[in-house]
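# Working through the structure, step by step
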Amino acid sequence: MNPIPHTRLTLVSDNTVATYSGMLAGTLAGQYEPRDMEIDLIRLCASCGVRFVQAKTMGHDVAGRRLLLEDRPPVNYDLLSVGIGSRPAIPTGGEGGLSIKPMQTFLPRLRAKIDETLSQRTRETLLIAIVGGGAAGVEITSCLLEFLKQNYPSKKLLNITLVEAAGRLLNEMPHRPGRLATRKLLKQGIQLRFHSRIAHVEHDQQLIFEDGHKLAADIVIWATSAKPPALLSQLNLPLDECGFLLTHSTLQSTGSDEVFAVGDTGTVAGEHYDKAGVYAVRQGPVLWENLRRKIQGQRLLTWQPQKQFLSLIKTGDSRAILNYRGFSFHARWCWWLKNWIDLRFMAKYQDYDPPEMMHAHQTSSANIELSRQCGGCGSKTSSRVLQKCLPKLEQTDYDHVLMGLDSPDDIALIAHRAGLSTAVSTDFFTAFVDDPFLLGRIAALNALSDLYAKGATPRAALS
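Residues numbered from 1 in each chain as written. Predicted model: local features only at pLDDT ≥ 70, side-chain atom pairs only at ≥ 80, totals over all residues. Heavy atoms only, no water.

With 20 residues, helix 6 (residues 277-296) should cover 28 Å at 1.5 Å per step; its first-to-last C-alpha distance of 29 Å lies within 8% of that length. Along helix 6, the sharpest change in direction is near 35 degrees and occurs at Q283; proline P285 comes one to four residues later. Y279, Q283, V286, L287, N290, L291 and R292 are the residues of helix 6 that are buried. Looking at the packing, one finds that the buried side of helix 6 touches strand 8 (80-82) and strand 21 (256-261). G297 lies just past helix 6 and shows a positive phi near 70 degrees. (Helix = DSSP H or I, 4+ residues; strand = E, 2+ residues; numbered from the N terminus. Expected span 1.5 Å × (residues − 1). Bend = angle between axes of the 7 residues up to and from the residue. Buried < 20%, exposed > 50% of the residue type's maximum accessible area, 1.4 Å probe, protein only. Contact = heavy atoms within 4.5 Å.)

We now examine the packing of aromatic side chains. Using the criterion set out here, one finds nine aromatic pairs in the structure. On the numbers, 6.0 Å between centres and 55 degrees between planes, the contact of Y32 with W335 is tilted. Taken together, the residues Y32 in the loop between helix 1 (24-28) and strand 3 (38-40) and W335 in helix 7 (residues 332-350) connect sequence positions 303 residues apart. The residues Y32 and W335 share a single accessibility class, namely buried. Taken together, the ring pairs in this structure connect Y273, Y279, W303 and F309 into an aromatic cluster. In this structure, K275 packs its charged tip against the face of F244, placed 4.2 Å from the ring centre. One cation-aromatic arrangement involves K314 over W335; the distance from NZ or CZ to the ring centre is 4.9 Å. (Phe/Tyr/Trp six-rings, centres within 6.5 Å; stacked < 30°, edge-to-face > 60°. Lys NZ or Arg CZ within 6 Å of the ring centre and 35° of its normal.)

So, on to the packing of helix 4 (residues 135-151) against helix 5 (residues 175-187). Packed helix pairs are specified by the crossing angle of their axes together with the interaxial distance, meaning the distance between the axes. Close contact between helix 4 and helix 5 brings their axes to 10 Å; oriented N to C, the two are set at 25 degrees. One way to sum up the angle between helix 4 and helix 5 is to call them roughly parallel. Judged by the twist between their axes, the crossing of helix 4 over helix 5 is left-handed. Seen from helix 4, the contacting residues are V138, T141 and S142; seen from helix 5, they are A181, K184 and L185. When the residues that make up the contact of helix 4 with helix 5 are grouped by side-chain class, the tally is three nonpolar, two polar and one charged. (Axes fitted to C-alpha atoms, helices over the stretch in contact; angles between N-to-C directions. Parallel < 35°, antiparallel > 145°, perpendicular 65-115°, else oblique. Left-handed = near helix turned anticlockwise from the far one by under 90°. Nonpolar A, V, L, I, M, F, W, Y, C, P; charged D, E, K, R; others polar.)

In this section: the pattern of salt bridges. Here the idea is simple: oppositely charged side chains can pair when their charged atoms come close. Taken as a whole and judged by the stated rule, the model has 10 salt bridges. A salt bridge links D435 to R72, with the nearest nitrogen and oxygen atoms 2.8 Å apart. Placement of the pair is D435 in the loop between strand 28 (420-424) and helix 11 (436-453) and R72 in the loop between strand 6 (66-69) and strand 7 (75-76), with a sequence separation of 363 residues. For D435, a relative accessible area of 4% puts it in the buried group. Ionic pairing is found between D264 and K101, a salt bridge with its closest N-O pair at 4.0 Å. A residue pair is termed long-range when its members are at least 10 positions apart, and D264 in the loop between strand 21 and strand 22 (266-268) and K101 in the loop between strand 10 (98-99) and helix 3 (106-120) qualify at 163 residues. Here the salt bridges share partners, and the residues they tie into one network are R65, E258 and K294. (Salt bridge = Lys/Arg side-chain N within 4 Å of Asp/Glu carboxyl O.)

Right, dumping it as structure tokens:
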């Protein structure tokens, strides 16, 4: 709502939807619809004048300031911000299990895996293992029972085990939240396995622990500690000891002042803090202000992680565990507070009808009206106008023109040599998407369709 003057902002993402992790467990328990936790990136970008490019990033040219993309030309930049989160750490052999990330696809992947398992196995009891006893693991485990009850009501025999390498749940918090979580899960019939660090996985279903013990599971869900996405190692920028992008307190990469990193993606040198979404949220305003200041040549702000923050962990019922400044509760009012915070947060990114003031300073009334007109084929001259104009053109007959304006069609047909002719078509598109590469593909396919429709074989194109 307060754009940087004379600056184009482009969002590059391989997915058109972003998912809010704070509502994943509630959606799993059936308390939200999947769309409630989703941000439509295309509509969000369109509402605030941001160019959206859907593409997979393959690398980074630091010196040339270019983001290298799969199956399309690079995107040039003056400033780059990287925020692609993290992935659960999965031991060798566990790739066939279910990672909770990417969260956009977790629920459909979970349903598909359960359906596949139920169709193939002969055992009565369904064995499920969730690995990771942090906040994400506790939420997924607690809400999974409700998901199974709602979606697989005939499935009565369930064996769910939560595996944690430490000696208690919620190891990153004080002891009381962990005890509250333990009490809740045991009451739900969840088996807890502590001091169980996994060495590797056999056949995607057999967890082998470092002490030699084993645990069989039909389905393994990974909610382990954060691991850097493989892409970070391909960006040619300095990394911390864990493989995340190393930054200054200004959120700038230590290897390039033009590159910023936020959220789980980056680690501020000299600071020690967990990979948690609350830090990404707090970094957002600092990032935006520093992008503005960097462009305007001003001194940048510094960011420091807060020492304490409110934690709200969803449990399977309409309750949540709250932890803040040494106080912990497990109650219904904690869930009401969490629900209010989450819905209020998401409302900021799900309202795709911005006020007129957003672009009033840069868009005249004439341009607003023009932007509402159709693009593509819908923007072309009407047939009535063409019928009036075409007869007025002075036409010259040529022997080599087999089809021209005397009998107008989608193509012109020009004799090349005996028995062979060339079909020619011209076309144009008014832009209706702001990604020039995507628009070029659409326009090319539209123009080629005229040639295909007449039975011609396209050989060359000029854009």
